[in-house]
Amino acid sequence: MLTPGRRLVLAGAAGALSLPFIRPARAAEQMVIGTWGGDYANLLRANVEEPLLVPKGITVVQDLGDEDPRIAKLYAQRRLPRGAVDVACAQANRGYEVSAAGLAEPIDEKKVPNLAHVLPHLRNDAYAPHIYSPQVLIYNPEKVSSPPTSFKDLLDPKYKGRVGLGNGNYFYVMMAAAQAATGDLNKVDTDAARDMMGKLNANGLRLYPSTDSIGAGIKSGEIDVGIIWLARVIMWQNAGIPVKASFPREGNILYVSGMLIPRNAPNKETAYKYLNAMLEPSAQAEFAAKMGYLPTVDNCPLTGKVGEQLALPADVKMLPPDYSVLGKLQSATSEWWKKNIAGA
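How each quantity is defined
Residues numbered from 1 in each chain as written. Predicted model: local features only at pLDDT ≥ 70, side-chain atom pairs only at ≥ 80, totals over all residues. Heavy atoms only, no water. Helix = DSSP H or I, 4+ residues; strand = E, 2+ residues; numbered from the N terminus. Areas by Shrake-Rupley, 256 points an atom, 1.4 Å probe, with all protein chains shown as cover. Lys, Arg positive; Asp, Glu negative; His and termini not counted. Charge placed at Lys NZ, Arg CZ, Asp CG, Glu CD. Domains from an automatic or database assignment. Contact = heavy atoms within 4.5 Å. Buried area = accessible area lost by both parts, 1.4 Å probe. Salt bridge = Lys/Arg side-chain N within 4 Å of Asp/Glu carboxyl O. Polar contact = N/O pair within 3.5 Å; in protein donor to acceptor, adjacent residues only side chain to side chain. Nonpolar A, V, L, I, M, F, W, Y, C, P; charged D, E, K, R; others polar. Buried < 20%, exposed > 50% of the residue type's maximum accessible area, 1.4 Å probe, protein only. Phe/Tyr/Trp six-rings, centres within 6.5 Å; stacked < 30°, edge-to-face > 60°. Core = buried A, V, L, I, M, F, W, Y, C linked by side-chain atoms within 4.5 Å. 1 Å grid on protein atoms, 1.4 Å probe; cavity = no way out; pocket = protein on both sides within 12 Å on 5 of 7 lines; lining within 4 Å. Points joined across faces, edges and corners; volume = space filled by probe spheres on them.

**A few points about the overall build of the protein chain**
Check the secondary structure of the protein chain and you find 13 helices and 11 strands. Per element, the accessible surface of the protein chain, about 16200 Å² overall, is 53% carbon and sulfur. Charge centroids of the protein chain, computed over 37 positive and 33 negative side chains, lie 5 Å from each other.

Here you go:
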């Protein structure tokens, strides 16, 4: 005789056999993006990943770190069939370098429809530009009555020990030195550009380990002038730091940051979806509002306070770098900077 417990077990088994076979749910798409940390990573999560990718079943893991180690990993893993990341964030000059070395997947524009809206002067076959900003001179209006209007103005003895730069921005600073010394920002390896930078260093240059620490230097009164992106000026102004931007008469070198897909990315189709999402007007507008960067697309008009802060002077002179030239000079410039500026 079956006990009540055994009857229930057998009845349950019989019922299960009569049900149709149910397949497990399809696994969600997953991907890894190598990116900077801090505000940038937080904004990617809040404005690209959570609102635009998570609803599509895409899980994103952020691999946070500095750019140099991230690029070094791409080189180290180039012979592996599957790399560690699906999307890598990089400045435009490093993006061009990686592409020229054959480490980046040529972007299929059919898989990234929003590339059709990217501004013409920011386009690249293997690199999707995310944000950009002109490099400007900065000054504390509470201490500087006559703003600097040229890189050469920073050599004035009145600014001795009061000029601040970010060590990580060295390549763009060298472009500014080359533009001021030779009229060509791409001549970063010339004696004239290096001499100009050496004179600035001799004027008591303060070199900061991060971009954020430059703002802290302005706020504490440690420095009065410097060089940085307009985007950072706007962020610092919104945080109550006394700082203004001055557009150098030599012209404004464009800083561009974007994303690429490594050739051995494990999840290329998902990576394409990420690139398309980061170019959405909604995401672009939030980076403008929160970080002060200009949208790289033509379908994201800025209005209100953000539009006013990011409105550029009518006579501003934009200088897009020639990465086909600069890409070959990156390594030598880095070594020279470490030995003669950072090491000094």
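Continuing now.
**Concerning the domain arrangement of the protein chain**
When the parts come together, some accessible area is lost, and that loss is often what is quoted as the size of the interface. Per the domain assignment, the segments of the protein chain are domain 1 (29-132 + 255-317) and domain 2 (133-253 + 319-341). Its C-alpha centre places domain 1 at a distance of 25 Å from the equivalent point of domain 2. With 22 residues of domain 1 at the contact, the number on the domain 2 side is 21 residues. Contact between domain 1 and domain 2 buries roughly 2000 Å² in total, counting both sides, with carbon and sulfur atoms accounting for 59%. In terms of surface lost to domain 2, no three residues of domain 1 exceed Asn93, Tyr255 and Lys317, which account for 31% of the buried area on that side. Run the count over domain 1 and domain 2 and you get zero salt bridges. Linking domain 1 with domain 2 are five residue pairs in polar contact (both at pLDDT 80 or more). Of all elements in the fold, only helix H4 (92-100), strand S9 (252-260), helix H10 (281-291) and helix H11 (304-309) reach the threshold of two or more residues within the side of domain 1 that touches domain 2. The element that contributes the greatest number of residues to the side of domain 1 that touches domain 2 is H4, accounting for five residues. Classifying every residue of the side of domain 1 that touches domain 2 by side-chain character gives 12 nonpolar, four polar and six charged.

**Quick notes on H4**
Looking only at H4, the buried set comprises Ala92, Asn93, Arg94, Gly95, Glu97 and Val98. Contacts made by the buried residues of H4 are with helix H3 (67-76), strand S3 (87-91), helix H5 (170-182), S9, helix H12 (323-326) and helix H13 (330-342). Downstream of H4 by a residue or two, glycine 102 has a phi angle that is positive, lying close to 80°.

**Looking at the packing of aromatic side chains**
Summed over the entire model, instances satisfying the criterion amount to eight aromatic pairs. Measuring from ring centre to ring centre gives 5.4 Å for tryptophan 36 and tyrosine 40, while their planes differ by 85°; the resulting arrangement is edge-to-face. Exposure remark for tryptophan 36: the relative accessible area of 18% places this residue in the buried category. A centroid spacing of 4.2 Å and a plane angle of 20° characterise the contact between tryptophan 229 and tyrosine 255, whose relative ring orientation is stacked. Residue tryptophan 229 is located in strand S7 (residues 225-229), and its partner tyrosine 255 is located in strand S9; the two are separated by 26 residues in the primary sequence.

**Quick word on the nonpolar core**
Counting residues in hydrophobic clusters, the biggest one holds 107 residues, and the most contacted among them are Ile33, Tyr40, Phe151, Met197, Met259 and Tyr274. It is H5 that contributes the most residues to this core, 10 residues altogether. Both of domain 1 (29-132 + 255-317) and domain 2 (133-253 + 319-341) provide at least three residues apiece to this core. Apart from the residues within four sequence positions on either side, phenylalanine 151 is in contact with Leu137, Val173, Ala176, Ala177, Ala180, Met196, Met197, Leu200, Ile227 and Glu250.

**A few points about the layout of surface pockets**
The computed volume of the largest pocket comes to approximately 970 Å³. Taken together, 35 residues form the lining of the largest pocket, with Trp36, Asp66, Gly168, Asn169 and Thr211 sitting closest to its centre. Every element with two or more residues in the lining of the largest pocket is listed here: helix H2 (38-53), H3, H4, H5, helix H7 (211-220), S9 and H13. Broken down by element, the residue count for the lining of the largest pocket peaks at five residues, all from H13. Here the lining of the largest pocket is built from residues that sort into 13 nonpolar, 14 polar and eight charged. At the level of secondary structure, the elements contributing two or more residues to the lining of the second largest pocket comprise H4, S9 and H12.

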